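# Chain and residue survey
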Amino acid sequence: MPPTEGSLKDLDDKTSESVVKFVSEVRSGKIQGSENIAVATVDLLEKIISESETTNALSLCNLVRAVGRNLVQALPTELAAGNMVRRVLRAIRDEQRAHANQSVEGAGESLQRLVLAAPSRRATLGPAARDLKEPIRDHIAELRAELDASTSSISSQARSHVHADELLLTYGASALVECFLRAAGTRRFRLLLAEGPDVAESHAMAARLATAGVSVALVGGAAVGALMPRVNKVVLGAAAALAGGAALATAGALAVTAAAAHHAVSVVVLSPLWSLSALHARGGQLFEALAPASRALPYQGVESALVRVEAPLYDVVPPEHITLFITNLGGSSPSYIYRLLSELYDPNDYQL
Amino acid sequence: MENDKENIIQAVVIMDLFNNNFEPISNKNPMGLLPVAGVPIIDYVLESLVSGGVGEAILFCCQDSLQIKDHVKKCKENKVPWSITLDVQIISSDTCQTMGDVMREIDAAGLVRGYFILLGINSITNINFAALLEQHKQTCKKDKGAAMTLVYKEVAWQHPLLSNDKTLLLAVDGRNHKILMHQKYKPKSKETSVSLPLECVLQHSEVKLHNNLVDANIAICSPSVPPLFSDNFDFQNRDDFIHGILINEDILASSLYYTMMKETQYGAAITNWKTYQTVCWDILHNWVYPLSIETDSFYKNTFMYMGRHIFRKTNSSLSRSCTLVEDVLVGAKTHISDMSRVSKSMIGNNCTIGNHVIIHGSHIMNNVVIKDNCQIINSFINDNCIVEMNSNLEGVVASDNVCIEEGSNLKGNILVETIKNGNDITLKKTSSESGTEWENESSGKEDDEYVGFDEEWSNSESCYSSDSSAESSLPDSPIPEDTNIFLQEVIDSLARGYEENLKCDYLILEINSSRYAYNIQLHEVNFFVVRALLSMPILEDTKSVLSTVKDILKYFRPVISNYIKTKSSIMDCLKAVEDSCIKNIWLDGKAGQIIHLLYEADIVDEDSLLEWYEDLKENESPLKDQTSIVKFFEWLQEASEESEDSD
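Once a new chain begins, its residue numbering starts again from 1 and follows that chain's sequence as written. Chains carry letters and ligands carry numbers; both start at the beginning, A for chains and 1 for ligands, and go up in the order they are written. Given that this is a predicted model, residues contribute local features only at a pLDDT of at least 70 and side-chain atom pairs are listed and counted only at 80 or more, while totals for whole chains, interfaces and linings are drawn from all residues. Side-chain numbers come from the whole structure's heavy atoms, not from hydrogens or water.

Let us look at the overall build of chain A. Across its full length, chain A holds 13 helices and 10 strands. Counting only contacts in chain A whose residues sit at least 6 apart along the sequence, the fraction spanning at least 24 positions is 76%. We count a stretch as a helix when DSSP gives it H or I for four or more residues in a row; a strand needs E for two or more, and each element gets its number in order from the N terminus. Only heavy atoms enter the contact rule, under which two residues are in contact if any of them lie within 4.5 Å.

Moving on, we come to the side chain of Arg93(A). Residues and elements named next belong to chain A. Relative to the elements of secondary structure, Arg 93 occurs in helix H4 (residues 79–99). Among the residues examined, Arg 93 registers a relative accessible area of 3% and is labelled buried. N or O atoms within 3.5 Å of each other form a polar contact, as long as, within protein, one can give a hydrogen and the other can take it, and as long as residues adjacent in sequence are counted only when both atoms are side-chain atoms. At a separation of 2.7 Å, a polar atom in the side chain of Arg 93 contacts the side chain of Asp 349. Throughout this description, buried means an accessible area under 20% of the type-specific maximum (1.4 Å probe, protein chains only), exposed means over 50%, and partly exposed covers the range between.

All names here are of chain A. UniProt positions are given in the numbering used here, feature names are shortened, and annotations may be inferred rather than shown by experiment. UniProt tags residues 205–227 and 234–254 as "transmembrane region" (unreviewed entry). Counting secondary structure, residues 205–227 comes out at 48% helix and 22% strand; the distance between its end C-alpha atoms is 20 Å. Between the C-alpha atoms that bound residues 234–254 the distance is 12 Å, and the span itself is 10% helix and 48% strand.

The next thing to look at is the nonpolar core. A general tendency of soluble globular proteins is for nonpolar side chains to be buried together. Residues belong to one nonpolar core when they are buried, are Ala, Val, Leu, Ile, Met, Phe, Trp, Tyr or Cys, and are joined through side-chain atoms within 4.5 Å. In terms of nonpolar packing, the biggest core is built from 74 residues, with Leu49(B), Ile117(B), Ile124(B) and Tyr276(B) touching the most fellow members. Judged by nonpolar contacts, the second largest core, of 57 residues, contains Phe486(B), Ile491(B), Phe527(B) and Ala532(B).

On to the sheet that holds strand E30 (residues 392–394) of chain B. Residue and element names in this part refer to chain B. When DSSP finds two or more bridges between a pair of strands, those strands are recorded as paired. Judged by pairing direction, the sheet is parallel, and its 6 strands sit side by side in the order E18-E21-E24-E27-E30-E33 without closing on themselves. Looking at strand neighbours, the two that pair on one side only are strand E18 (323–324) and strand E33 (409–411), the edges of this open sheet. When strand E24 (residues 358–360) meets strand E27 (residues 375–377), the two strands line up parallel, connected through 3 bridges. Bridging from a neighbouring strand, Ile 358 pairs with Gln 375 of E27.

Residue and element names in this part refer to chain A. The strand order across the open sheet built from 3 strands is E5-E6-E8, with neighbouring strands paired in antiparallel fashion. For this open sheet the edge positions go to strand E5 (240–241) and strand E8 (314–317), each flanked by a neighbour on one side alone. Helix-sheet contacts for helix H11 (residues 253–262) involve strand E6 (247–250) and E8, and the interaxial angle to E8 is about 25°. Comment: axis = line fitted to C-alpha atoms, over the contacting stretch for helices; angle = value between 0 and 180 degrees taken between N-to-C directions.

Here we take up unusual backbone geometry. Going from Tyr289(B) to Pro290(B), the amide bond is cis rather than trans, its omega being 5°. Of note, Pro290(B) is situated in the loop between helix H13 (273–284) and strand E15 (303–305). With phi around 65°, Asp165(A) is a residue other than glycine that occupies positive phi space. The topology assignment puts Asp165(A) in the loop between helix H7 (158–161) and strand E1 (167–171). Among the residues examined, Asp165(A) registers a relative accessible area of 56% and is labelled exposed.

Quick look at the pattern of salt bridges now. Basic side-chain nitrogens of Lys or Arg form a salt bridge, by our definition, when they fall within 4 Å of a carboxyl oxygen of Asp or Glu. For the coordinates displayed, the defined rule picks out 23 salt bridges over all chains. Put simply, Asp327(B) and Lys344(B) hold a salt bridge, and the shortest N to O gap is 3.5 Å. Of the two residues, Asp327(B) is situated in the loop between E18 and strand E19 (328–330) and Lys344(B) in the loop between strand E21 (341–343) and strand E22 (346–347); the sequence distance between them amounts to 17 residues. Residue classification places Lys344(B) among the buried positions, given a relative accessible area of 15%. Within the structure, one salt-bridge network assembled from shared partners comprises Arg90(A), Asp94(A), Arg97(A) and Asp346(A).

To continue, consider a negative patch on the surface. All names here are of chain A. By definition, no residue in a patch forms a salt bridge, and every one has over 30% relative accessible area; like charges are joined within 9 Å, nonpolar side chains (Val, Leu, Ile, Met, Phe, Trp, Tyr) within 5 Å. Per-residue and other accessible areas were derived by the Shrake-Rupley procedure at a 1.4 Å probe size, with only the shown protein chains allowed to occlude residues. Counting rule for charge: Lys and Arg are taken as positive, Asp and Glu as negative, and neither His nor the chain ends is counted. Charge coordinates come from a single atom per side chain, which is NZ of Lys, CZ of Arg, CG of Asp or CD of Glu. A cluster of acidic residues, Asp 12, Asp 13, Glu 17 and Glu 53, forms a negative patch at the surface. Tracing the sequence through the fold places Glu 17 in helix H1 (residues 13–27). Using a relative accessible area of 34% as the deciding quantity, one classes Glu 17 as partly exposed.

With respect to the helices and strands, Thr548(B) occurs in helix H19 (residues 545–555). Owing to a relative accessible area of 8%, Thr548(B) belongs among the buried residues under this scheme.

What follows concerns the interface of chain A and chain B. Tallying the contact residues gives 34 residues for chain A and 36 residues for chain B. Of all residues in chain A, Arg27(A), Tyr299(A) and Arg308(A) give up the largest surface area on contact with chain B, accounting jointly for 26% of the area buried on that side. Applying the counting rule to chain A against chain B returns 1 salt bridge. The salt bridge partner of Glu326(B) is Arg308(A), with a shortest N-O separation of 2.4 Å. Secondary structure elements with two or more residues in the side of chain A that touches chain B: H1, helix H3 (57–74) and helix H12 (303–306) of chain A. When residues in the side of chain A that touches chain B are grouped by element, the largest group, 8 residues, is from H1(A). Class assignment of the residues belonging to the side of chain A that touches chain B gives a composition of 16 nonpolar, 10 polar and 8 charged. As a working definition, buried area equals the accessible area (1.4 Å probe) given up by two parts on being put together, with both sides summed. Under the scheme applied, nonpolar residues are Ala, Val, Leu, Ile, Met, Phe, Trp, Tyr, Cys and Pro; charged residues are Asp, Glu, Lys and Arg; polar residues are all the others, including Gly.

Time to look at the packing of helix H2 (residues 34–51) of chain A against helix H6 (residues 133–155) of chain A. All names here are of chain A. As a packed pair, H2 and H6 sit with axes 11 Å apart at the nearest point and diverge in direction by 170°. Taken together, the axes of H2 and H6 are roughly antiparallel relative to one another. Here H2 contributes Glu 35, Ala 38, Val 39, Val 42, Asp 43, Glu 46, Ile 49 and Ser 50 to the contact with H6, which in turn contributes Lys 133, Ile 136, Arg 137, Ile 140, Leu 143, Arg 144, Leu 147, Ser 150 and Thr 151. Looking at the contact of H2 with H6 residue by residue, the classes come out as 8 nonpolar, 3 polar and 6 charged. Between 65 and 115 degrees an angle is taken as roughly perpendicular, under 35 as roughly parallel, over 145 as roughly antiparallel, and anywhere else as oblique.

Laid out in structure tokens, this is it:
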């Protein structure tokens, strides 16, 4: 643990109650989709911060970290929640630094500067008797505006990536990819939509795009390998962009990107800023997380009681399969993700 | 605020199963605390209520309510997710013996405000209760009498949840999902034909038959349900209720509907050890999402997933050479030693498993010690048990604190620890010669099936109870089942009334209520009451049968005169005497005397007697040549001639 932090503290009753409520809403499916979870997390944090009695940076940081720790433990598969906690933590730190008249350029500075600046940095979170709540609320409002705008700012880049007469391929249903393709709709491109694990949603998305005037062909997930030589570009939505430049995408996406890599087709991954995660793609519980078995097989036949159904939630797409990440801020190559991370989060908060 | 309260969905959870399918485990601990895949059932139920949109739960305990109260209190202190949004109310009543009693109690106390959800503590599901309740309300708008919507899960007919439980045949109107017929069969029943009432087909343009439904013990009820239970005090359980409503649909002005869960939803009821096992595996296989093995750990994710649906707590320890094959759950601080092999099993906290142990399909609770070279297959071993070396257990259910001796070889036993003389702990084995008998333990109630684990992993027929005591007591009786049960009930109530000197008025009430429960015709009632009087258990033991019969007739005179009034009822009465004298050995050869007693008590008249005697001769009944009968009629003839003479 960095020396600038106080001890790990537990939440008081009221806060833990709202955290548990949030968690159970997510688990029971009342809040669905990473983006909604991100928004709800920001709301939760704002509520907790405005209800807390302390106003100084150190105790606020500890509070938010404790909330974050609980969230990450309870929702290991929802990376967006943890990301939002890190963003808010960063906001608190920035605010404190700004008031301490220090450089806001905290993260990613040179080793030399880090060493030299150490004593003053240590002081940054010292107890100060100033009310930080108001500026933090402004930061949170900014963050919320960014979340709201993320889809539109990514879609607005569509025209620079999708060109006329191109054959695009996408895998599974994703609201973001749909918006992106619609925004590119004036260009006369053709789209192959490969069915993901959520077949019905894929079909619905194909129907919506078709009515919007995009020429869509729906193909089975298994046909992707055969079709890949003709494809010009693969567009994928990511559940998360990971620290090493890998992406976490719907189960089955790895097969698509592997085929794309084999045929040297470029893969564009749409990842809004809230999906940028400080996690590295190493083996762990998260990447083996199982979806409810009923997603793969209805509970009906005899086999449902006798067989073991493994329905993985995500595939990790390695960085070498990915040509470009498109974030709110523009395109960036996988090797540049670490830089974005250090701009968004404080390195102290990578581990909540 | 008032309005808010009305919109909160209420659920009534009945915390007892009112059967002995889980004995001896259910004796000490309430059913609600039975761990399923490491989590007490009550946690699943409350969690599923919350995620289904229920705001208030009424837990109705009939026994062990203290333990449930403690558990709920502890959960609230720990801020378990459901405790925040769910208002839990625990009601306890020791006097309730059946589900019907519970409903009457609920009606009397006015606990429910309107539409509510009724489920048993054994229901494991992930359905959306709020949506179903809305659907039921829509049904009620179309049909004012809609009392209940039953929730079923459709599965293939060979599915273990169906084949290990009472199978259900449901005839429904295909258009409006109204239930027309509801019939439950015993597990693996040999019945090959189905009888469907004709009007069922004639009056409805589309009739669907279902025998592939899992009853998850969930029902959406209208406000009229508790009063219906109160009005019909013979409704003992939900099946009684369903039958009662279906038979008297016009009188009670109520009807039943059904609905099926979606393909992706899960619903099952734990009714016996086999369904327990199936549900445990389903939970482990993540079919019941969002309910999972983490449900009680307050989302702390203390499990480590090892692939192949093997989960272990992070602080459990596995030896390097032990093998976990598939579908295994290992609890906290449990240690599994060298060369042991575990498959399809749940192991609780703080257990120690020795070397070279084989565990398959078993459920091992907390603090169990299993020593070297044991083999445990399809068994349930409760807390604090010790299994000594070289033991071989198959299909065993062991209650807590049992110590299984070294080298014992047990198949299909139920082990109960009994305490004698202070601390001297001995082992009581519920003995069984063939290992098939232990499923027949359920001598208490006629509708229980005690289904245990298979000893071998096959669906052997022997695992199901064949006949229950009520039927087997009259093995050669040609009487159909319902009337047979009715007779047994009448005998029971009369015997009790005689012993406890109850008022005959009450007994008449009791008999009448049994009559409606089994739908017995009036002439049959007359027959059975007399038959029951002559079959009372007291007659079996007594030395002077006739004087006892005389006492009985004298005591029950009001009962008899209530039923035997008309000419035809007297004939019923005499037929009953005939039947009793043939079937009951203690009345052998005493038919004449019995009839004499009846004649003297002015229950039967002369004309009917003579008519009956003619019938006897016509039907070549074995009684007609009995000396006592012949003598009696000779005497009767003389007596009547004498009286004529005197005129």
